[in-house]
Structure formats: C-alpha cells, structure tokens
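Spelled out, the chains give:
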Amino acid sequence: MNIPSELKYTKDHEWVKIEGDVATVGITDFAQSELGDIVYVEVETVDETLNIEDVFGTVEAVKTVSDLFLPLSGEIIEFNEGLEDEPEVVNSDPYEGGWMIKIKFSNPEELETLLSDADYKALIGA
Amino acid sequence: MKNTALTTTHEALGAKMVPFAGYNMPVQYDGVNIEHETVRQAVGVFDVSHMGEFLIEGPNALALIQKVSSNDATKLTIGKAQYSYLPNDNGGVVDDLIIYKIKEETYLLVVNASNIEKDWNWITSKNDVGAIMRDLSEDYSLLAIQGPKAIEAMQPLTSHDLSAIKFYNFEVGDFAGIENVIISATGYTGSGGFEIYCKNSEAKQIWDKVVEAGAKPIGLAARDTLRLEMGYCLYGNDIDDTTSPLEAGLGWVTKFTKTFTNSEALQAEKTNGLTNKLVAFTLDERGIPRHGYDIVDADGQKIGVVTSGTMSPSLGIGIGLGYVPKDFAAVDGKIHIQIRKKAIPATVVKLPFYKG
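Residues numbered from 1 in each chain as written. Chains lettered and ligands numbered in written order. Predicted model: local features only at pLDDT ≥ 70, side-chain atom pairs only at ≥ 80, totals over all residues. Heavy atoms only, no water.

A word on the overall build of chain A. The secondary structure content of chain A amounts to four helices and nine strands. Starting at the N terminus and ending at the C terminus, chain A contains elements arranged as β-β-β-α-β-β-β-β-β-α-α-β-α. A compact globule built from 126 residues would reach a C-alpha radius of gyration of about 14 Å, and chain A, at 13 Å, matches this within 12%. Based on the C-alpha atoms only, the size of chain A along its principal axes is roughly 35 × 35 × 20 Å. Within chain A, the fraction of its 126 residues that count as buried is 51%. Put simply, 60% of the contacts in chain A that link residues at least 6 apart link residues at least 24 apart. Looking at chain A as shown, the accessible area adds up to about 5800 Å², and 44% of this sits on carbon and sulfur atoms. Once the 7 positive and 30 negative side-chain charges of chain A are each reduced to a mean point, those two points are 6 Å apart. (Helix = DSSP H or I, 4+ residues; strand = E, 2+ residues; numbered from the N terminus. Rg over C-alpha atoms; globule rule 2.2 N^0.38 Å. Buried < 20%, exposed > 50% of the residue type's maximum accessible area, 1.4 Å probe, protein only. Contact = heavy atoms within 4.5 Å. Areas by Shrake-Rupley, 256 points an atom, 1.4 Å probe, with all protein chains shown as cover. Lys, Arg positive; Asp, Glu negative; His and termini not counted. Charge placed at Lys NZ, Arg CZ, Asp CG, Glu CD.)

This is the structure in structure tokens:
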C-alpha cells in the first residue's frame, strides 16, 4: 500500500497536499483499492466556499457510491476535469493524476486535524 | 457465515471476499471491468455454489411443481431445463428458479441463495400431494463457465459434445475427470457457456481444471453487471415478495393453460391491464443509476423507482431497470432519474442493453 510520507491524510481516506494556502485533495491508494474500478467522479462545487467535513462531490465505483468530504474549510478553486473522461486514473495514479480538487483553505488551524502518514497507516492497519 | 468448497481457493487467488446471502463469496479478483470484459470476449468461471438445490421426486413430483411454479413443467423432457418463478398468494414472487427434469419423476430446482429457507418452507407448505423433497444445497457446488470461448476451451475436459448441448438443455456425464456431473447450457451473463453442478468434494478438481483450460476467475460484481446488461431480473432487486411478476415482464413464463398458486388473481390482473411496468433505460447524460433512486417525470414528480442500475462496462453509459406507470413504459419514451440533486434524462430502451 502506497502512503507517501510528504502528504497529510484524513480518516475519510483522502490525502491532502499543502502548498502555501492551497490544498490539493484526492483519495488514497487504500480508498481506490477498496472501491474498485472507479467510473465517475462528480464535483459540482467549484467556486463554492464550504466547511470542513461538508460533502464536495461523489466518487462512484461500479458497485458503490461514496461521498467526498472536504478535509479543510475554504473555497474550492479547481476540479481535475481530466477525471471526467478518465476517472480510472484515480485507480491507477491516486496521488498524482488522480487528484480531485484544490482548495484555498481559510482556517490554517484545521491543518492540525489532519493525520500524518504514520497515523493513517495505523488507521488502516497497513 | 458459510463457506463454499472453494472459499480458500478464492482467498489464495487474492479475491476480495464479501458476505452475500450468508456465504463468504468472492466479489472480485482483478477488477470488475476486466472480469466483465473477460466473460464478454473470452471465458470466465464463477463459483456460485451459494445457490440452492432442491430435489423433488416421486409420482407426485410434477403435480407439486405444477402447483407452485408459474411455467408449465409438463413441457419438460429429460435433459431440459426451464426458467420459472414461485408466485405467492398475494400477487408477488417468492423466488425465481430453474427447474431441471433429471429423469422421470425426478426434478432439480435451483433457487436463489438468499431464499433457500423461505423457498423450502413455501414449497413444503404446498406439498399436500406427497412429493419427496430433498435439500441438496449444502452438498452441491455450482460453477458457471461463461463466455464465447467456453465451448472451445472446455471441450477437452469432457467426452460430451459441448457444442451439441442446446440452450437450456443439459447432459449428465463426465467433466474434468469427474463422473455424473450436470453440464447445463444455462447462465446469467448472456455470453453463452455452461453451468456445472457437482458434489462439494469434486468442486476443487473441476475448478482447477477449468482454470487450467483457460477460464479466468470472475467475481459476483461482474456477475451483476453482466446480468444487468442483458436485463435479467435479480431477485431482491427487480422482483420480490411484493412485485407483480407480470409487471416485471415474467408473463412469458406465466402459463395460464394450467392452474397454479395465485393463478386466478394473476389472470385477472392480466385481463384488467397492468398499472406499472419494469422498463429498461439508458441515461442520456453522464451519471449512474442505482437501486432505490427515484424515477421522475419532466416536472420532477416521482413516478417510479430504480430497481437495478450500474455503469455498463460494455457500453460505457449508465443503465438500469425500474418500475414506471405504463404510460411511461413505451420504448424511446423519456423519463428522468433523480441522482442526488439532479434529474438526469433517460430513455426507455428495449432489452438487452448489450447485443453482443
């Protein structure tokens, strides 16, 4: 199971990459493996300002639908539109090509709530 | 939770296992899309040993079957199988099943895993004719070998001419070094192939030889997408204790030339005209319909419910089945599927979705 040490994680199996006041968000290798073949990523909250834990989109595998939860409060400034035609990239490349959104986060204190790679490994028993 | 004779085999192959109808079953091995593709283009093998098998025997076996089932089992000759269902007394469906005529006065009923106990109790309750009933579910395994290359790949495993077994016919004989197995030209995928019934102790040898002969293991997730692309009903989704078999499109296996459980009421329902119909639809825009989603009209009013839905691996679009009032049931008609906040337009289509 690939869990890069430079990323932060959530208990909802998302990864977060912090660059300045922008956070890039995707789902973890563990999440994509549990979901199986991903066939649709729906994000219709671009330009919206939402709170931490709000649903910002949906990821659909052949058999299941999962909500995507915002890891940090802020404005959703970008959606990875490449996923509209190639959602399977989330399976094949969850941490790079499979990124989902970028957030301009508004409350840096919330960064404390994110998990380290070690915490996340412990969470999934990896 | 129960295991099949092959559970450890699936685990060794790295399958993702899930509880299904009380059994620990493989939902996928390499991924549902690739497994689906294998069955559409080549050949795959499914362990569906969770299915139930009842043997009905004796001089009154046929009388009992005629009474509890909707199709006409007098049409069966030895070596033929028939799709049918068990109507309940209230206009719904106890289960759907396949009935095999094994020999004179001996029939095999193959029922859904989730309904084994319910079906057994139901048929028993109707058995006032003294037919002999045996539940073989715990003793028998079922392997479905499905795909356009099934005949060619499996022919070396048997002395029977596989290409000569017609759809919904079966032979009893040798397969993969085991005698007296049922080789049945049936399946739930629409891609051709066989189903093999054998004793649990024989399942491992047959599985290994079938895989050695070129069949790839396929999980239950692909079984569901494959059956849905054909529009085959799934008990518990599209039909259940409360759904009308006629509205579900099972009129073709409902034979009013005989009397059977609830046949008078079903006949009256047919005569009076159906209220709803189970229709097949494809989404006109991106999205995936799911079991339980509302079907709405152009004004957003709820008109029905999706009973099965998925992203079709073969077609790359959202497909589904659902009940709608018959005014909305015509082919090419427009309906909408409520997916979260959006009503996605959809078109009623003819089955199957996948035409090979």
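Turning our attention to the overall build of chain B. Looking only at helices and strands, chain B features eight helices and 19 strands. Against the compact-globule benchmark of 21 Å for 356 residues, chain B has a radius of gyration of 20 Å, which places it among compact chains. Along the first, second and third principal axes, the C-alpha set of chain B runs to 60 × 50 × 40 Å. Out of the 356 residues belonging to chain B, those deemed buried represent 59%.

The next subject is the interface of chain A and chain B. Each side of the interface is counted separately: chain A has 18 residues, and chain B has 18 residues. Among the residues of chain A in contact with chain B, Y40, V62 and K63 of chain A are the three that bury the most area, contributing 37% of the side total. Taken together, chain A and chain B are joined by seven salt bridges. A salt bridge links E44 of chain A to K342 of chain B; the nearest nitrogen and oxygen atoms lie 2.5 Å apart. Counting every contact that joins chain A to chain B gives 15 residue pairs in polar contact (both at pLDDT 80 or more). Of all the secondary-structure elements, those providing two or more residues to the side of chain A that touches chain B are α1 (29-35), β4 (38-42), β6 (55-61) and α2 (82-85) of chain A. (Buried area = accessible area lost by both parts, 1.4 Å probe. Salt bridge = Lys/Arg side-chain N within 4 Å of Asp/Glu carboxyl O. Polar contact = N/O pair within 3.5 Å; in protein donor to acceptor, adjacent residues only side chain to side chain.)

Residues annotated by UniProt as "modified residue: N6-lipoyllysine" (unreviewed entry) correspond here to K63 of chain A. Within the secondary structure, K63 of chain A sits in the loop between β6 and β7 (65-69). Residues contacting K63 of chain A, with those up to four places away along its chain left out, are A221, D224 and R290 of chain B. (UniProt positions renumbered as here; feature names shortened; annotations may be inferred.)

This part takes up the side chain of T307 of chain B. Mapped onto the elements, T307 of chain B comes out in strand β16 (residues 302-311). When near neighbours in sequence (up to four residues on either side) are disregarded, T307 of chain B contacts N237, D238, L278, H291, L321, G322 and Y323 of chain B.

Moving on, we come to the UniProt feature "domain: GCVT N-terminal" (unreviewed entry) in chain B. Mapped onto this structure's residue numbering, the UniProt feature "domain: GCVT N-terminal" (unreviewed entry) falls at residues 7-258 of chain B. End-to-end, the C-alpha atoms of residues 7-258 of chain B are 42 Å apart, and along that stretch the chain is 25% helix and 31% strand.

So, on to the side chain of E14 of chain A. Mapped onto the elements, E14 of chain A comes out in strand β2 (residues 14-19). Aside from chain neighbours lying at most four places away, what touches E14 of chain A is K8, Y9, V25, G26, I27, T28, F56, L68, F69 and P71 of chain A.

Sheet strands pair via backbone hydrogen bonds, and the direction of the pair is either parallel or antiparallel. Residue and element names in this part refer to chain B. Taking strand neighbours around the barrel as the criterion, the six strands line up as β14-β17-β16-β15-β18-β19 in a closed arrangement whose pairing is antiparallel. With strand direction ignored, the average angle separating the axes of adjacent strands in the sheet is 45°. Where strand β14 (residues 276-283) meets strand β17 (residues 318-325), seven bridges bridge the pair, whose relative direction is antiparallel. Along β17, the bridge assignment pairs N276 with P325. (Pairing = 2+ DSSP bridges. Axes fitted to C-alpha atoms, helices over the stretch in contact; angles between N-to-C directions.)

Right, let's talk about the pattern of salt bridges for a bit. For the structure shown, the criterion picks out 21 salt bridges over all chains. Among the ionic pairs, E60 of chain A bridges to R340 of chain B, the shortest N-O distance being 3.0 Å. Here the residue E60 of chain A occupies a position in strand β6, and R340 of chain B occupies one in the loop between β18 (334-339) and β19 (342-349), the pair thus bridging two chains. For R340 of chain B, a relative accessible area of 30% puts it in the partly exposed group. Residue D224 of chain B is joined to K63 of chain A by a salt bridge in which the shortest nitrogen-to-oxygen separation is 2.9 Å.

Feature annotation in UniProt assigns "domain: Lipoyl-binding" (unreviewed entry) to the following positions: residues 22-104 of chain A. Annotation note: span residues 22-104 of chain A, helix share 18%, strand share 42%, distance between end C-alpha atoms 5 Å.

Residues and elements named next belong to chain B. Grouped together as the largest cluster of nonpolar side chains are 50 residues, with contacts concentrated most on F46, V48, Y100, L108, I239 and L250. With five residues, helix α7 (residues 220-230) is the single largest residue contributor to this core. Each residue touching L250, except ones within four places of it in the same chain, is listed here: Y83, Y85, I239 and P245. Ranked by size, the runner-up nonpolar core spans 28 residues in total, among them I165, F175, C198 and I206. (Core = buried A, V, L, I, M, F, W, Y, C linked by side-chain atoms within 4.5 Å.)

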